[in-house]
Amino acid sequence: MTGYGKAEAVLPEGKLIVEIRSVNGKNADISLKTSLLPKDKELEIRARLASVLQRGTIDFFITWEPNAAESSKQINKSLALEYFRQISELQAETGCGHQSDIISTILRMPDVIDSSRKDIITEENWPVVSNAIDEAIAAIDEYRSDEGVSLYKDVTGRISTILSLYDEIEKFEPERISATREKISKAAEDLKITLNPERFEQEMIFYLEKLDINEEKVRLRQHCKYFMETIDGEPCPGKKLGFIIQEMGREINTTGSKANHAGIQQRVVRMKDELEKIREQSMNIL
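Quick caveat: nothing in here was measured; it's all calculated off a predicted structure. (Residues numbered from 1 in each chain as written. Predicted model: local features only at pLDDT ≥ 70, side-chain atom pairs only at ≥ 80, totals over all residues. Heavy atoms only, no water.)

**Q** I keep staring at the overall build of the protein chain and nothing clicks. Help me out?
**A** Counting secondary structure elements, the protein chain contains 10 helices and six strands. In terms of overall dimensions, the protein chain is more spread out than a globule: its C-alpha atoms have a radius of gyration of 36 Å, far above the 19 Å expected for 286 residues. In terms of overall dimensions, the protein chain has C-alpha extents of about 130 × 40 × 25 Å along its principal axes. Sorting the 286 residues of the protein chain into buried and exposed places 35% on the buried side. (Helix = DSSP H or I, 4+ residues; strand = E, 2+ residues; numbered from the N terminus. Rg over C-alpha atoms; globule rule 2.2 N^0.38 Å. Buried < 20%, exposed > 50% of the residue type's maximum accessible area, 1.4 Å probe, protein only.)

Put into structure tokens, the structure is as follows:
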């Protein structure tokens, strides 16, 4: 959901620069960081941003760069003339001579220098400004799409890695069963306990059933398949992918708790690492 878009609206008095920035977020958290946008346009802009960008912490900026002539401060001539009239009358009544610096005095009077700014965005120029906003939205959406291609390659590649690691785990199954049997037999010998062969086999079956990871293997592969179907088939799969990742994590953790084998445990650690990277990347998927 990270992205950046920029566009400009050229007006006779200068230009407006529209910028949109976004980072990860569960919902569409939109902030209009400008005082130039008319209040009656704010809801419209929020709706347009949410419609296209869907989710994320989105900051919307509009800045104004006036032309050189427009950037200068204006003299309030009518007010300056009124000050001049009153000062002239005061001089006549008091008999004071004409001051050579009367103009500079007047220019220091309140509100003579008018630095106030008229409304830059008006109904007349709104179509031009609106088009620039659409261009900025399209630019950030394209930025996100380009990033999405890289994200897709990354997360789907990691899903393939997890499946490959589980295939490696299967190869350790016969060795794990044999090692478990030998470990229990050796413990009985060390304790000088004579085992009933039939009872021993029954207990081994019960014990190995508790360590069986076949169900976890089937469910994890199903979750991986569902992950791929979701990311390929839905326009905004981010939230659903988060839930699928949670389910994948449960199966991997259960496999680790049942591992009872160094080789399996090593693969589980690597799967957890891959899944955590998928989780981090999924936060940036709509």
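**Q** Can you walk me through the pattern of salt bridges in this structure?
**A** Pairing is possible between side chains of opposite charge, provided their charged atoms come close. One pass over the structure, following the stated rule, counts 23 salt bridges. Between Glu42 and Lys39 there is a salt bridge, with the nearest N and O atoms lying 3.5 Å from each other. With Glu42 and Lys39 both in helix α1 (residues 39-53), this residue pair falls three residues apart, about one helical turn. Of the charged contacts, one joins Glu274 and Arg158 as a salt bridge, the two residues approaching to 3.0 Å between their closest N and O atoms. On the criterion of sequence distance, the pair formed by Glu274 in helix α10 (residues 262-282) and Arg158 in helix α5 (residues 126-171) is long-range, its members being 116 residues apart. (Salt bridge = Lys/Arg side-chain N within 4 Å of Asp/Glu carboxyl O.)

**Q** I would appreciate a short explanation of α1 in the present structure.
**A** For an α-helix, the turn length of 3.6 residues means that residues three or four places apart are oriented alike. Across its 15 residues, α1 extends 22 Å between first and last C-alpha, which sits within 8% of the 21 Å expected from 1.5 Å per residue. Within the sequence span of α1, burial applies to Lys41, Ile45, Arg48, Leu49 and Leu53. Looking straight down α1, one finds that the buried residues subtend no more than 100° of arc, so they occupy a single side. Facing away from the buried surface of α1 by more than 90 degrees, the exposed residues are Asp40, Leu43 and Ser51. Note on α1: the residue one or two positions beyond its end, Gln54, has a positive phi of about 70°. (Expected span 1.5 Å × (residues − 1). Arc of directions from axis to C-beta.)

**Q** Mind showing me how you'd approach unusual backbone geometry here?
**A** One non-glycine residue with positive phi stands out, namely Gln54, at about 70°. With respect to the helices and strands, Gln54 occurs in the loop between α1 and β4 (56-66). Although it is not a glycine, Asn260 sits at a positive phi angle of roughly 55°. With respect to the secondary-structure elements, Asn260 resides in the loop between α9 (238-258) and α10. Given a relative accessible area of 41%, Asn260 falls into the partly exposed group.

**Q** How should the environment of Leu37 be read in this particular structure?
**A** Tracing the chain through its elements places Leu37 in the loop between β3 (28-32) and α1. Put simply, Leu37 and Ile285 are 248 residues apart on the chain and 30 Å apart in space, counted from C-alpha to C-alpha. Those residues in contact with Leu37 that sit more than four places away from it in its chain are Leu32, Glu42, Ile45, Phe60, Ile62, Ile121 and Trp126. (Contact = heavy atoms within 4.5 Å.)

**Q** What am I meant to see in the sheet that holds β4 here?
**A** Pairing between the strands of a sheet is mediated by backbone hydrogen bonds and can be parallel or antiparallel. As summarised here, the arrangement of the four strands in space is β1-β2-β4-β3, forming an open sheet in which the pairing is mixed. Each end of this open sheet is capped by a strand with a single partner; those strands are β1 (3-11) and β3. Looking at each pair of strands side by side, their axes are set apart by 15° on average, direction ignored. In this sheet, β4 lies alongside β3 in parallel orientation, the contact comprising five bridges. Paired with Ile30 across the bridge in β4 is Ile58. Its contacts with the sheet place α1 against β2 (14-23), β3 and β4, and it is angled at close to 140° to β3. Packing against the sheet, α5 makes contact with β1, β2 and β4, and its axis sits at approximately 160° to β1. (Pairing = 2+ DSSP bridges. Axes fitted to C-alpha atoms, helices over the stretch in contact; angles between N-to-C directions.)

**Q** How should a nonpolar patch on the surface be read in this particular structure?
**A** Residues Ile75, Phe84, Ile103 and Leu107 make up a contiguous nonpolar surface patch of roughly 340 Å² in combined accessible area. Summarising the element assignment, Ile103 is placed in helix α4 (residues 102-107). (Patch = residues over 30% accessible without salt bridge, like charges linked within 9 Å, V, L, I, M, F, W, Y side chains within 5 Å. Areas by Shrake-Rupley, 256 points an atom, 1.4 Å probe, with all protein chains shown as cover.)

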